[in-house]
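Working through the structure, step by step
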Amino acid sequence: MDHFLRQRGRALIDFEVGVRRAANRMHMAVEGILAAKGALAETLPQDMDARHAFVDDVLAGALVYQARALFGEWSACQHGQVCEAAFEEICDDIAPMLDALADGTTTIEEFPQFVPPRYWSEVWFHRTTGGWDAGPYSGFVHGELVHKRYVSRIFPGDIYAQRRTVLDELPRHDHARILEFGTSSGHYTVALSERFPRAMIVGIDPSIRMLEQARRVGNALGQAWQLRVGVGEDSGLPDESFDLVTSYAIHHELPPQIIARWFAEAFRLLEPGGDLLMVDVPRYADLDRLVAWRFDWAAKWGGEPFWRASAQLDLAEGARAAGFVDVHAGGIAPAGNPYVVYGRKPEQAHG
Ligand SMILES: C[S@@+](CC[C@H](N)C(=O)[O-])C[C@H]1O[C@@H](n2cnc3c(N)ncnc32)[C@H](O)[C@@H]1O
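Just so you know, these numbers come straight off a predicted model, no measurement behind them.

**Section: unusual backbone geometry**
For the bond from N337 to P338, the omega torsion is 5°, close enough to zero to count as cis. For P338, the location among the structural elements is in the loop between β7 (325-331) and β8 (339-344). Located in the positive-phi region is D326, a residue other than glycine, with phi close to 50°. Along the chain, D326 turns up in strand β7.

**Describing helix α8 (residues 208-220)**
Counted at 1.5 Å a residue, the expected span for α8 with its 13 residues is 18 Å, and the 18 Å between its end C-alpha atoms agrees. Summarising burial for α8: 11 of the 13 residues are buried, a large majority. Among all positions of α8, only I208, M210, L211, E212, Q213, A214, R215, R216, V217, G218 and N219 are buried. Against the buried residues of α8 lie α3 (63-100), β1 (107-109), α5 (138-154), α7 (187-195), β3 (200-205) and β4 (226-229). G222 sits one or two positions beyond α8 and adopts a positive phi of about 70°.

**Quick notes on the sheet that holds β1**
In spatial order, the strands read β1-β4-β3-β2-β5-β6-β8-β7; together these eight strands make up an open sheet with mixed pairing. Strands with a single pairing partner mark the edges of an open sheet, and in this sheet they are β1 and β7. Pairwise comparison of adjacent strand axes, ignoring direction, gives a mean angle of 15° for this sheet. The sheet contact formed by strand β6 (residues 270-280) and β8 spans six bridges and is antiparallel. Paired with D280 across the bridge in β8 is Y339. Docked against the sheet, helix α9 (residues 256-269) engages β2 (177-181), β5 (242-248) and β6, running at close to 145° with respect to β6.

**Considerations on the packing of α3 against helix α10 (residues 289-301)**
In contact at an axis separation of 9 Å, α3 and α10 are set at 45° when each is read in the N-to-C sense. One finds that α3 runs oblique with respect to α10. Contacts from Y65, R68, A69, E73 and A76 of α3 reach α10 at W293, W297 and W301. Partitioned by chemical class, the residues of the contact of α3 with α10 number six nonpolar, no polar and two charged.

**A few points about the nonpolar core**
In terms of nonpolar packing, the biggest core is built from 35 residues, with L179, F181, V245, F263, L276, M278 and F324 touching the most fellow members. Going through the elements one at a time, α4 (118-121), β2, β3, β5, α9, β6, α12 (315-321) and β8 are the ones with two or more residues in this core. The greatest single-element share of this core, amounting to seven residues, is contributed by α9. With near-sequence residues (within four places) excluded, F324 lies in contact with F263, A266, F267, L270, L276, A319, G343, R344 and K345.

**Some details on the state of the cysteines**
Inspection of every chain in the model, using the stated rule, returns zero disulfides. Free cysteine C77: the closest other cysteine sulfur is in C83, separated by 14 Å. Assessed through its relative accessible area of 1%, C83 is described here as buried.

Criteria and cut-off values
Residues numbered from 1 in each chain as written. Predicted model: local features only at pLDDT ≥ 70, side-chain atom pairs only at ≥ 80, totals over all residues. Heavy atoms only, no water. Helix = DSSP H or I, 4+ residues; strand = E, 2+ residues; numbered from the N terminus. Expected span 1.5 Å × (residues − 1). Buried < 20%, exposed > 50% of the residue type's maximum accessible area, 1.4 Å probe, protein only. Contact = heavy atoms within 4.5 Å. Pairing = 2+ DSSP bridges. Axes fitted to C-alpha atoms, helices over the stretch in contact; angles between N-to-C directions. Parallel < 35°, antiparallel > 145°, perpendicular 65-115°, else oblique. Nonpolar A, V, L, I, M, F, W, Y, C, P; charged D, E, K, R; others polar. Core = buried A, V, L, I, M, F, W, Y, C linked by side-chain atoms within 4.5 Å. Disulfide = S-S within 2.5 Å.

Now the structure itself:
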């Protein structure tokens, strides 16, 4: 979505990217110290709280550990604020363009009786201020500034290509009715549209601000996505109305009992033979204790209150418990991230 940031806004965001990259490099130095002191994956405590306490103890007095914490804290708190500030500088210029993109073939259905769940409305994820619906253009700020100018530059690889690659995990690609849980500002929806150009795509998310940005993206691309304000665990959509239910990077923002309901709701919504493809962060059980501690440390600083509980769940087992068959799960090579769970609703589930 075309826009030009002012020099100050660009510099602020670039600075935060630099801080976060420096924190990532410091983290590697921290792990080097741990190794030198004999704190290896196989010697770390099994319990995650005990693991943190053990590492804190080993690294007490290590300046690079303190600096890494400071840089991480700074970047976690500041990245959202600088993106807001950068947007404020251009808001008057681009608001008409953003508002005009509300018109088109991508639509949003709102439900006046919808009350967002408290696990969503009471948490300001990612340590941003005000949560997903903080301001009138939060969707643009998240999708175009936080995501494309910050997140995409601090994580390894092409995070948008990864959204396309995971679709290779599907056994077929003739899906015609696709439901996406957690559409947000539409990054995965774009990948779905590219891979399934003739499919009807329905997207559900509790955040009207994020869906407004997805609608802009959809309209700019000439898509006819049907977006709905709501939650995956209670979609309000009819039984057996989709042949693919999918999501990208949401489970770590959900309490475990909601994840179980997501699988059950996806099962209800799929026609017999329909496919489930859920994508999220790696499972701690698949990682060694040092790498799991690394993820857990980042989640703790990054404002992710459900990450640990979610990453400790066996999602394949969750899919099987809901009735899915041919379930397989695992991290995508080469880094094992993202993590994909596939399942199929059996044909005989009908009736
Ligand atoms: C990390 S973003 C999703 C990323 C997006 N799928 C992508 O590919 O970039 C998390 C999104 O999940 C949404 N969300 C949180 N709880 C949800 C729920 N129960 N059902 C559907 N969406 C939910 C949030 O509102 C937010 O927009």
